[in-house]
Amino acid sequence: MDYQKIIEHKFYVEDLEYICEFLNNHTEELKGKCFVITGASGLIGSCIVDALLYWNRNYLKESERVTVVAIGRNAKRLKERFSYVLTEKDFVSLKIVEQDLGIDFDLTEILNLVLKREADYIIHGASNSDPKNFSLHPVGTITTNIAGMTRILEYAKQRNTRVLYVSSREVYGFIPEKTAYEEEDYGLVDFNGLRSCYPESKRVSELLCRGYAEEFGVSTAMARLGYVYGPTMLMSDSKAIAQFMKKAVAGENIVMKSKGEQVRSYCYVADIVDGLFRILLDERKGEVFNAANRNAEISIRDLAEKIAGCAGVQVVFELPDDVEAKGYSSPQDAIIDEEKLRKIGYAPRYGIEEGVQRTFEILKALWNH
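K.L.:
Help me out: how do you make sense of the overall build of the protein chain in this one?
P.N.:
When you go through the protein chain residue by residue, the secondary structure sums to 16 helices and 12 strands. In summary, the protein chain has a C-alpha radius of gyration of 19 Å against a globular reference of 21 Å for 369 residues, a match within 12%. A principal-axis box enclosing the C-alpha atoms of the protein chain has dimensions of 55 × 45 × 35 Å. Taking all 369 residues of the protein chain together, 55% fall into the buried category. Excluding contacts between residues fewer than 6 apart, the proportion of contacts in the protein chain whose partners are at least 24 apart in sequence is 82%. For the protein chain, the computed accessible surface area is about 15,900 Å², with 47% contributed by carbon and sulfur atoms. Positive and negative side-chain charges of the protein chain, numbering 47 and 56 respectively, have mean locations separated by a distance of 3 Å.

K.L.:
I would appreciate a short explanation of the sheet that holds strand E3 (residues 94-98) in the present structure.
P.N.:
Note: strands within a sheet are paired through backbone hydrogen bonds, in either parallel or antiparallel orientation. As summarised here, the arrangement of the 7 strands in space is E3-E2-E1-E4-E5-E6-E10, forming an open sheet in which the pairing is parallel. A single partner strand is all that each edge strand has here, and the edge strands are E3 and strand E10 (287-291). Shown here is a sheet whose adjacent strand axes are inclined to one another by a mean of 20 degrees, direction ignored. The strands that helix H9 (residues 138-157) touches are strand E1 (34-38), strand E4 (121-124), strand E5 (162-168) and strand E6 (219-225); relative to E4, the one it contacts most, it runs at about 175 degrees. Against the sheet, helix H10 (residues 197-216) makes contact with E5, E6 and E10, and its axis sits at roughly 155 degrees relative to E5, the strand it touches most.

K.L.:
How do you make sense of the nonpolar core when you look at a structure like this?
P.N.:
Generally speaking, a soluble globular protein has its nonpolar side chains buried in company with each other. One finds Ile 44, Leu 52, Tyr 266 and Phe 277 to be the most contacted residues of the largest nonpolar core, which totals 86 residues. Broken down by element, the residue count for this core peaks at 10 residues, all from helix H4 (residues 43-59). When sequence neighbours within four positions are dropped, the list of residues in contact with Phe 277 reads Ile 19, Phe 22, Leu 23, Phe 35, Ile 48, Leu 52 and Ile 123. In terms of nonpolar packing, the next biggest core, distinct from the first, is built from 26 residues, Leu 111, Leu 115, Met 149 and Ile 152 among them.

K.L.:
Honestly, the side chain of Ser 196 in this entry has me stumped. Any pointers?
P.N.:
Here Ser 196 lies in the loop between E5 and H10. On the basis of relative accessibility, which here comes to 9%, the residue Ser 196 falls in the buried class. Other than its neighbours up to four places away in sequence, Ser 196 contacts Val 189, Asp 190, Phe 191 and Ser 201.

K.L.:
I keep staring at the pairing of E5 and nothing clicks. Help me out?
P.N.:
Regular strands show a simple pattern: their side chains alternate between the two faces of the sheet. Counting buried positions along E5 gives 7 out of 7 residues, so the element sits mostly inside the fold. Here E5 shows two buried faces, one formed by Arg 162, Leu 164, Val 166 and Ser 168 and the other by Val 163, Tyr 165 and Ser 167. The pairing of E4 with E5 spans 4 bridges and is classified as parallel. Note that in E5 the partner of His 124 across the bridge is Tyr 165. Of the pairings in the sheet, the one linking E5 to E6 comprises 7 bridges and is parallel in character. Opposite Tyr 165, over in E6, you have Met 222 as the bridge partner. Taken together, E5, H10 and E6 form a β-α-β motif whose crossover is right-handed.

K.L.:
Sorry if this is basic, but what is going on with the pattern of salt bridges here?
P.N.:
Should their charged atoms come close, side chains of opposite charge can pair. Applying the stated criterion across every chain yields a total of 25 salt bridges. The shortest N-O distance in the salt bridge between Glu 14 and Arg 358 comes to 3.1 Å. Taken together, the positions of Glu 14 in helix H2 (residues 10-24) and Arg 358 in helix H16 (residues 352-367) put the pair 344 residues apart, joining distant regions of the chain. When its relative accessible area of 38% is taken as the criterion, Glu 14 is described as partly exposed. Among the residues examined, Arg 358 registers a relative accessible area of 5% and is labelled buried. For Asp 15, the salt bridge identified is with Arg 358, shortest N-O distance 3.0 Å. Of the two residues, Asp 15 sits in helix H2 while Arg 358 sits in helix H16, which places them 343 residues apart along the sequence. Judged by its relative accessible area of 0%, Asp 15 is buried. Because the salt bridges share partners, they merge into one network encompassing Glu 14, Asp 15, Glu 354 and Arg 358.

K.L.:
Explain the sheet that holds strand E9 (residues 263-268) here, please?
P.N.:
Overall, mixed pairing links the 3 strands, which are arranged E7-E9-E11 in an open sheet. Of all strands in the sheet, those with a lone pairing partner are strand E7 (227-229) and strand E11 (297-299), marking the two edges. On average, each strand axis in the sheet is inclined to that of its neighbour by 45 degrees, with strand direction left out of account. As judged from the 3 bridges shared by E7 and E9, these two strands associate in the parallel manner.

K.L.:
Help me understand H10, please; the structure alone is not making it clear to me.
P.N.:
Every α-helix winds through 3.6 residues per turn, so residues three or four apart in the chain are directed the same way. Taking 1.5 Å of rise per residue, 20 residues should cover 28 Å, and H10 covers 27 Å from first to last C-alpha, within 8% of that figure. Within H10 the residues assigned to the buried category are Cys 197, Tyr 198, Pro 199, Ser 201, Lys 202, Ser 205, Glu 206, Cys 209, Tyr 212 and Ala 213. Summarising the contacts, the buried residues of H10 are in contact with helix H8 (131-136), H9, E5, E6 and E10.

K.L.:
Mind showing me how you'd approach the packing of aromatic side chains here?
P.N.:
Remark: the centre distance and the inter-plane angle together describe each pair of aromatic rings, the angle taken between the planes. For the structure on display, the rule yields 9 aromatic pairs. Measuring from centroid to centroid gives 4.9 Å for Tyr 268 and Tyr 350, while their planes differ by 70 degrees, and the two rings are edge-to-face. Taken together, the residues span a long stretch of sequence, with Tyr 268 in strand E9 and Tyr 350 in the loop between helix H15 (339-342) and H16 at a distance of 82 residues. Residue Tyr 268 is classed as buried on the basis of its relative accessible area, which comes to 0%. The exposure class of Tyr 350 is buried, given its relative accessible area of 5%. Through successive ring pairs, a cluster of aromatic residues spans Tyr 18, Tyr 227, Tyr 229, Tyr 266, Tyr 268 and Tyr 350. A cation over a ring is seen here: Lys 157 above Phe 216, with NZ or CZ 4.3 Å from the ring centre. Over the aromatic face of Tyr 155 sits the side chain of Arg 159, whose NZ or CZ is 4.0 Å from the ring centroid.

Rules of the game
- Residues numbered from 1 in each chain as written.
- Predicted model: local features only at pLDDT ≥ 70, side-chain atom pairs only at ≥ 80, totals over all residues.
- Heavy atoms only, no water.
- Helix = DSSP H or I, 4+ residues; strand = E, 2+ residues; numbered from the N terminus.
- Rg over C-alpha atoms; globule rule 2.2 N^0.38 Å.
- Buried < 20%, exposed > 50% of the residue type's maximum accessible area, 1.4 Å probe, protein only.
- Contact = heavy atoms within 4.5 Å.
- Areas by Shrake-Rupley, 256 points an atom, 1.4 Å probe, with all protein chains shown as cover.
- Lys, Arg positive; Asp, Glu negative; His and termini not counted.
- Charge placed at Lys NZ, Arg CZ, Asp CG, Glu CD.
- Pairing = 2+ DSSP bridges.
- Axes fitted to C-alpha atoms, helices over the stretch in contact; angles between N-to-C directions.
- Core = buried A, V, L, I, M, F, W, Y, C linked by side-chain atoms within 4.5 Å.
- Right-handed = clockwise from strand over helix to strand, strands pointing away.
- Salt bridge = Lys/Arg side-chain N within 4 Å of Asp/Glu carboxyl O.
- Expected span 1.5 Å × (residues − 1).
- Phe/Tyr/Trp six-rings, centres within 6.5 Å; stacked < 30°, edge-to-face > 60°.
- Lys NZ or Arg CZ within 6 Å of the ring centre and 35° of its normal.

Quick look at the structure:
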């Protein structure tokens, strides 16, 4: 896949410029720093890497440039995703590392090998995050979240490293008679269900972050994300919105696996990345923030209809197969309140209609080849 198409697309350039607006206000603080991004080839991680590299190229002097260590399970996928950088002889700020965070690893050894310096910031976003992988790889989902988080925190404990954990609104579980979840809320999770490999391990990872902050003084923060979408979605993603978009880009009818009546907090990826950087640079330790967009709350069915409208296709209904059904959550609204994040300057820019349209236009250029 030619990822140059996404980097050069006018809408995505606008997204990167938007993220850089915040970074430019922190040049003195961030210049020369080292960022480690796990899950770097994923929906959110790839946008973070793109933004930092774009910032380097367009706004920072050579002496100010940040270093980005992109960690993922597949080096080939990482090199393909960031091939637009690797072909530039004068652009050496990106280091690619192949590492499965669900197995034993030593972050000190990794960074000594590729950099010979320590990390200033770690954004830990590596995790299975779609229904099919929950069903097929529950053990890997758990170990990547918990074991990976532990090793990262152990690294940070010995250094002045800020760690941001990318968590999920799924940690809330189900809270009866509650419409929008706030950071202090907590609910029920069916811990015997296979799908609970994801929310339960996310819960433990959050507690590890808070524990390391309280017991060892590690500078940690957590971001509980709503349903994120955008042009960095992978074709292999089995989440509903990714499948809807894949069908639309191909000019095919969108297939619904349920009535789609539940309402969810969606958020365009550039807004999420802007929010993550704001949380990263917040000075408090052990804090958790919801990250969503109150102007992008929509039912799954209405979302499908909007995506279908972009492509001029129809919405049809089918039941999920047995493998998929194991990974899907029970039908319920999933809305989170991001007011706490707004208090530190977060102001998401893209509502659902504009975000969906931008995503469709960029993916049409990227996926249709």
